[in-house]
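Structural characterization, general
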Amino acid sequence: MRPWMVAGNWKMNKTIGEAVELARAIKEGTAEVKGGEIVVAPVFTALSSVYGVIKGSQVRLAAQNIYFEEKGAFTGEVAPGMAKDAGCEYVIIGHSERRKYFHETDASVNAKVKKALETGLKPILCVGETEEEREQGVTEFVVGLQIRRGLHAIENVDGITIAYEPVWAIGTGKNATPDQAQEVHSFIRSELDKLYGPKAGSLRVLYGGSVTADNIGDLAAMNDIDGALVGGASLKSETFISIITGTAKKRWS
Ligand code: 13P
């Protein structure tokens, strides 16, 4: 079985002080957890302070976004090497909020995934359909396209993680049922197998969208769900730690 991963996407929340406090509580509360990876993704301003707290522990650092150039006149952007310099091992790429509010396209997502890999950052590539797309019966078409375009011309898949986050489930309290999620995860696995053959075996596919301490057990029990990308419930150490231990129990027993 692939090692599980639980990642907390803190989105645009927490001051540096609050982020450091949360990171410390997560580090201390998960010191005994085994068999997987725990990742936190604070805002850019808090990255290096959080890194100071988690360095050398089992908690890894992720950026929520990067740009696909190394440096230069790109006001407001952060280069992959700069995120790495701040302590990041991972980077979330193509989150639906970035696609919706900041007009990211599959082409820019693909450029970012490539640049992240080139820089030695491990991408967490987000995909997922809107409610309208699900109702129209085009979920697999949309998710398949996001994966094929997001991973276009990428041959070395080492370190890549996919996060399936149905847009209608994000921040709504309306999570995909374990069966709904499993159905799409199984489709994603088959797409990855077609693209990469046996090499695809190492790629994790996480579920994201209203994950809580209550629903993680049933989600993580599904065959093709290797962990979770958590938003709201990752902002409190108790709930995030429960999600981590709930995942570890199902994926490492
Ligand atoms: P919620 O867990 O708040 O639904 O957010 C999920 C998400 O967008 C994680 O990236």
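Along every chain, residues carry numbers that run from 1 in the direction the sequence is written. With the structure being a predicted model, the display of local features is reserved for residues of pLDDT at least 70 and the display and counting of side-chain atom pairs for 80 or more, all residues being used for whole-chain, interface and lining totals. As a rule here, side-chain values cover all heavy atoms of the structure and leave hydrogens and water aside.

1. As for the overall build of the protein
In DSSP terms, a helix is any run of H or I states spanning at least four residues, a strand is any run of E spanning at least two, and both are numbered starting from the N terminus. A tally of helices and strands in the protein yields 10 helices and 8 strands. The size measure is the radius of gyration over C-alpha atoms, and the globule rule it meets is 2.2 Å times the number of residues to the 0.38 power. Taken over C-alpha atoms, the radius of gyration comes to 17 Å for the protein, in line with the 18 Å a tight globule of 253 residues would show. Taken along the three principal axes of its C-alpha coordinates, the protein extends 45 × 45 × 35 Å. Buried residues are those whose accessible area, probed at 1.4 Å on protein chains only, stays under 20% of the maximum for their type, while exposed residues exceed 50% and partly exposed ones sit between those limits. Per-residue burial for the protein yields a buried fraction of 52% across its 253 residues. For the protein, restricting intrachain contacts to residue pairs at least 6 apart in sequence, the fraction spanning at least 24 positions comes to 73%. Computed with the Shrake-Rupley method and a 1.4 Å probe, the accessible areas treat only the protein chains shown as cover for residues. A total of about 11400 Å² of accessible surface is found on the protein, and carbon and sulfur atoms cover 51% of it. Distance from the positive charge centre (29 side chains) to the negative charge centre (32 side chains) of the protein: 4 Å. It only takes one pair of heavy atoms within 4.5 Å for two residues to be counted as in contact. The charge count treats Lys and Arg as positive and Asp and Glu as negative. His and the chain ends do not count. For the purpose of locating charges, the reference atoms are NZ of Lys, CZ of Arg, CG of Asp and CD of Glu.

2. Quick word on the side chain of His185
Secondary-structure assignment places His185 in helix α8 (residues 178–196). When near neighbours in sequence (up to four residues on either side) are disregarded, His185 contacts Tyr164, Val205, Leu206, Tyr207, Asp224 and Ile225.

3. Some thoughts on the sheet that holds strand β4 (residues 90–93)
Only strands joined by at least two bridges in the DSSP assignment are considered to pair. Strand order in the closed barrel formed by 8 strands is β1-β2-β3-β4-β5-β6-β7-β8, and the pairing between neighbours is parallel. Neighbouring strand axes in the sheet, compared pairwise and without regard to direction, differ in orientation by 25 degrees on average. In this sheet, strand β3 (residues 59–63) lies alongside strand β2 (residues 36–41) in parallel orientation, the contact comprising 3 bridges. Bridge assignment links Val39 to a residue of β3, and that residue is Arg60. To get an axis, a line is fitted to the C-alpha atoms, and for a helix only the part in contact is used. The angle between two axes follows their N-to-C directions and goes from 0 to 180 degrees.

4. Observations regarding the site of the ligand
When at least one non-hydrogen atom of a residue lies within 4 Å of a molecule or strand, that residue is treated as near it. Lys11, His95, Gly171, Ser210 and Gly232 are the nearest of the 13 residues found near the ligand. Two N or O atoms form a polar contact when they lie within 3.5 Å of each other; inside protein one atom must be a possible hydrogen donor and the other a possible acceptor, and for residues adjacent in sequence the pair counts only when both atoms belong to side chains. With respect to the ligand, the side chain of Asn9 contributes an N or O atom lying 3.0 Å from an oxygen atom. Separating an oxygen atom of the ligand from a backbone N or O atom of Gly231 is a distance of 2.9 Å. Out of a free accessible area of 310 Å², the ligand has 95% covered by protein chains. Amino acid classes used here: Ala, Val, Leu, Ile, Met, Phe, Trp, Tyr, Cys and Pro are nonpolar; Asp, Glu, Lys and Arg are charged; the rest, including Gly, are polar. Classifying every residue of the shell around the ligand gives 4 nonpolar, 7 polar and 2 charged.

5. Thoughts on the side chain of His95
When you line up the elements, His95 lands in the loop between β4 and α4 (96–101). Take His95: its relative accessible area is 4%, and that puts it in the buried class. A polar contact is formed between the side chain of His95 and the backbone nitrogen of Glu97, at a distance of 2.9 Å.

6. Quick look at the packing of aromatic side chains
Ring pairs are drawn from Phe, Tyr and Trp, using the six-membered ring of Trp, whenever the two centres fall within 6.5 Å, and their geometry is named by plane angle: stacked under 30 degrees, edge-to-face over 60, tilted for the rest. A complete count under the given rule lists 4 aromatic pairs for this structure. A connected cluster of aromatic rings, assembled from ring pairs, spans Tyr67, Phe68 and Phe74.

7. Considerations on the nonpolar core
Among buried residues, the Ala, Val, Leu, Ile, Met, Phe, Trp, Tyr and Cys ones that are joined through side-chain atoms within 4.5 Å form a nonpolar core. Formed by 66 residues in total, the largest nonpolar core has its most connected members in Val40, Val50, Leu151, Ile162, Ile188, Leu192 and Tyr207. With 6 residues, the top contributor of residues to this core is α8. Leaving out residues up to four positions away in the same chain, Ile162 has contacts with Leu125, Val127, Ile147, Leu151, Ile188, Leu192, Leu203, Arg204, Val205 and Leu206. By size, the runner-up hydrophobic cluster in this structure holds 12 residues, among which are Met5, Ala7, Ile92 and Leu229.

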